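# Summary of the model geometry
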Amino acid sequence: TIIMLFDLFFSSRDEYLLPLTRAVEAEDVTEIKREAHRLKGSANNLRLESIGALALDIEKSSDTCKGKLLREKLEEISIAFEKGNKELAELKEQGM
């Protein structure tokens, strides 16, 4: 079901954010683009537009943005994951 797909995505948070965070810390533009693109694709497949848009922003700005700005964008993605996970839990409680 769709709930299972969302559950899989949100439970995979660290699989998306840890490699992206490592790439940002290393200022590895190629890896930042790769990991942001992977996250963007997965989020957009589930119509999670806020996460997809943030990942696209990181992907596009990785050439010009460094350090602090990219970390701020990562924090926004982390918050979006937390919000989505909370909303998913509420749907599960409702028996969806």
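Residues numbered from 1 in each chain as written. Predicted model: local features only at pLDDT ≥ 70, side-chain atom pairs only at ≥ 80, totals over all residues. Heavy atoms only, no water.

### Notes on the overall build of the chain
Assigned secondary structure in the chain consists of 5 helices and 0 strands. When its helices and strands are written in sequence order, the chain yields α-α-α-α-α. Over its C-alpha atoms the chain spans a radius of gyration of 14 Å, differing by no more than 12% from the 12 Å that the globule rule assigns to 96 residues. Buried residues in the chain amount to 40% of all 96 residues. Relative to all contacts within the chain whose residues are 6 or more apart in sequence, the contacts with residues 24 or more apart total 61%. Counting only carbon and sulfur atoms, one obtains 53% of the accessible surface of the chain, whose full area is about 6,000 Å². The centroid of the 15 positive side-chain charges in the chain is displaced by 3 Å from the centroid of its 19 negative side-chain charges. (Helix = DSSP H or I, 4+ residues; strand = E, 2+ residues; numbered from the N terminus. Rg over C-alpha atoms; globule rule 2.2 N^0.38 Å. Buried < 20%, exposed > 50% of the residue type's maximum accessible area, 1.4 Å probe, protein only. Contact = heavy atoms within 4.5 Å. Areas by Shrake-Rupley, 256 points an atom, 1.4 Å probe, with all protein chains shown as cover. Lys, Arg positive; Asp, Glu negative; His and termini not counted. Charge placed at Lys NZ, Arg CZ, Asp CG, Glu CD.)

### Some thoughts on the nonpolar core
Within the largest apolar cluster, 26 residues are counted, with the highest numbers of intra-cluster contacts made by Phe9, Phe10, Leu39, Ile51, Ile58, Ile77 and Phe81. Put simply, the parts of the chain that give this core at least two residues each are α1 (2-11), α2 (13-26), α3 (29-45), α4 (49-61) and α5 (67-93). Sorting elements by how many residues they give to this core places α5 first, with 6 residues. Discounting chain neighbours no more than four positions away, the residues touching phenylalanine 9 are Tyr16, Leu39, Ser42, Ala43, Leu46, Leu48, Ile51 and Phe81. (Core = buried A, V, L, I, M, F, W, Y, C linked by side-chain atoms within 4.5 Å.)

### A short note on the packing of aromatic side chains
Here the distance between the centres and the angle between the planes together describe a pair of aromatic rings. Counted under the stated rule, the structure contains 4 aromatic pairs. For the ring pair phenylalanine 9 and tyrosine 16, a centre distance of 5.4 Å and an interplane angle of 40° mean the geometry is tilted. For the pair phenylalanine 9 and phenylalanine 81, a centre-to-centre distance of 5.1 Å together with 15° between the ring planes defines the contact as stacked. Of this pair, phenylalanine 9 sits in helix α1 while phenylalanine 81 sits in helix α5, placing them 72 residues apart in sequence. Each member of the pair, phenylalanine 9 as well as phenylalanine 81, is classed as buried. (Phe/Tyr/Trp six-rings, centres within 6.5 Å; stacked < 30°, edge-to-face > 60°.)

### With respect to the environment of isoleucine 51
Structurally, the position occupied by isoleucine 51 is in helix α4. A sequence separation of 26 residues divides isoleucine 51 from isoleucine 77, and the C-alpha atoms of the two residues are 5.9 Å apart. In this structure, isoleucine 51 is in contact with Phe9, Phe10, Leu39, Ala43, Ile77, Ala80 and Phe81, ignoring residues within four places of it in sequence.

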